[in-house]
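Reading the structure
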Amino acid sequence: MARRSKEDALETRNSLLDAAERVFLAQGVAGSSLNDIAVAAGATRGAIYWHFQDKADLFNAMMDRVSLPMQDALSHVQQATTGGDPLPQLRAAIRLALEKIVRDPQTRRVMEVATHKVEYVDSLCAVRERHLEVRGQWILQFRAALRRSAALRGVKLPIPAAAAAQGLQALVDGLLQNWMLDTGAFDLEAVAGKAVDVYLAGLGLR
């Protein structure tokens, strides 16, 4: 009986998260109420507050369902910086993250919400903090990978590793943001791959 109750609770939680994806995508995060999400899920506001503290907590849980696989891509870079040449793994991590967004419909929906449907109003400060945290993690791993790659090649980076990492993150994020505006405008995976190669070559890393 207890197992059935846990399964029911998990099913309700997932139903609420599915509804949040749909409602946030249609109305924007700030323009959506918890009641809107409850109605879309066929549940009550009480059910939402049983599982989530507030809208920001619900948003972050929605992101967790798709960001965890993307964190796996980031771990490729982290592992590579501890031994061997991290440059191939750096390219692979970027490729895996973008591939997930392009080819997985759920990930694409959630990323569209995260990039174009969220407003950093007071009630969603936690969402902004999450975005900054994820960006910071990528930049830290990029910096370590670029620094080690340069050392292995006996190359001096033309700019500090921190600045180079910020530039690389901005390049990838900018391509993603523009692709999300019009997914038919260009091939994100192909264009990003070439752009990253050119950027790295400009740093002296081939």
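Not measured: the values here are computed from a predicted model.

Calculation notes
- Residues numbered from 1 in each chain as written.
- Predicted model: local features only at pLDDT ≥ 70, side-chain atom pairs only at ≥ 80, totals over all residues.
- Heavy atoms only, no water.
- Helix = DSSP H or I, 4+ residues; strand = E, 2+ residues; numbered from the N terminus.
- Buried < 20%, exposed > 50% of the residue type's maximum accessible area, 1.4 Å probe, protein only.
- Contact = heavy atoms within 4.5 Å.
- Phe/Tyr/Trp six-rings, centres within 6.5 Å; stacked < 30°, edge-to-face > 60°.
- Expected span 1.5 Å × (residues − 1).
- Arc of directions from axis to C-beta.
- Axes fitted to C-alpha atoms, helices over the stretch in contact; angles between N-to-C directions.
- Parallel < 35°, antiparallel > 145°, perpendicular 65-115°, else oblique.
- Left-handed = near helix turned anticlockwise from the far one by under 90°.
- Salt bridge = Lys/Arg side-chain N within 4 Å of Asp/Glu carboxyl O.
- Nonpolar A, V, L, I, M, F, W, Y, C, P; charged D, E, K, R; others polar.
- Core = buried A, V, L, I, M, F, W, Y, C linked by side-chain atoms within 4.5 Å.

Quick look at the overall build of the protein chain
Looking only at helices and strands, one finds 9 helices and 0 strands in the protein chain. Ordering the α and β elements of the protein chain from the N terminus gives α-α-α-α-α-α-α-α-α. With the C-alpha coordinates aligned to their principal axes, the bounding extent of the protein chain is approximately 60 × 40 × 30 Å. Looking at the protein chain residue by residue over its 206 residues, the buried ones come to 38%.

Comments concerning the environment of Phe186
The residue Phe186 is located in the loop between helix 8 (161–181) and helix 9 (188–202) in this model. Taking the C-alpha atoms as reference points, Phe186 and Arg22, 164 residues apart in sequence, are found 25 Å from one another. Setting aside residues no more than four positions away along its own chain, Phe186 makes contact with Leu175, Asn178, Trp179 and Val191.

Here's the deal with the packing of aromatic side chains
Within this structure, the stated rule accounts for 2 aromatic pairs. The interplanar angle of 45° and the centroid separation of 6.3 Å between the aromatic rings of Phe24 and Phe59 together place this pair among those described as tilted. With a gap of 35 residues between them, Phe24 in helix 1 (residues 2–27) and Phe59 in helix 4 (residues 55–80) connect regions that are remote in the sequence. Phe59 shares its class with Phe24; the two are buried.

Considering helix 6 (residues 105–116)
Here helix 6 is 12 residues long and its end C-alpha atoms lie 16 Å apart, about the 16 Å a rise of 1.5 Å per residue gives. For helix 6, the complete set of buried residues consists of Thr107, Val110, Met111, Val113, Ala114 and Thr115.

So, helix 2 (residues 34–41)
An α-helical segment advances 3.6 residues per turn. Residues three or four places apart therefore align on the same side. Among the residues of helix 2, those classed as buried are Leu34, Ile37, Ala38 and Ala41. The buried residues of helix 2 occupy an angular sector of 100° when the element is viewed end-on, so they sit on one face. Count one or two residues on from helix 2 and you reach Gly42, which has phi positive near 70°.

Overview of the packing of helix 8 against helix 9
At their nearest, the axes of helix 8 and helix 9 sit 11 Å apart, and the two run at 160° to each other. On the basis of their axis angle, the class for helix 8 and helix 9 is roughly antiparallel. The two elements helix 8 and helix 9 cross, and the hand of that crossing is right-handed. The segment helix 8 lies against helix 9, with Ala163, Ala164, Gly167, Leu168, Leu171, Val172, Leu175, Leu176 and Trp179 engaging Leu188, Val191, Ala192, Ala195, Val196 and Tyr199.

Overview of the pattern of salt bridges
Pairing between side chains of opposite charge can happen when their charged atoms approach one another. Taken as a whole and assessed by the stated rule, the structure comprises 6 salt bridges. With a closest N to O distance of 3.3 Å, Glu189 and Arg103 form a salt bridge. Residue Glu189 is located in helix 9, and its partner Arg103 is located in helix 5 (residues 87–103); the two are separated by 86 residues in the primary sequence.

Digging into the packing of helix 5 against helix 7 (residues 125–153)
Packing of helix 5 against helix 7 brings their axes to within 9 Å, and their N-to-C directions diverge by 150°. Between helix 5 and helix 7, the interaxial angle falls into the category roughly antiparallel. Of the residues in helix 7, those in contact with Leu87, Leu90, Ala93, Ile94 and Ala97 of helix 5 are Trp138, Phe142, Ala145, Leu146, Ser149 and Arg153. Of the residues in the contact of helix 5 with helix 7, the class split is 9 nonpolar, 1 polar and 1 charged.

Observations concerning the nonpolar core
Formed by 58 residues in total, the largest nonpolar core has its most connected members in Phe24, Phe59, Leu90 and Leu146. When contributions to this core are tallied by element, the ones reaching two or more residues are helix 1, helix 2, helix 4, helix 5, helix 6, helix 7, helix 8 and helix 9. Top contributing element to this core by residue count: helix 8, with 9 residues.

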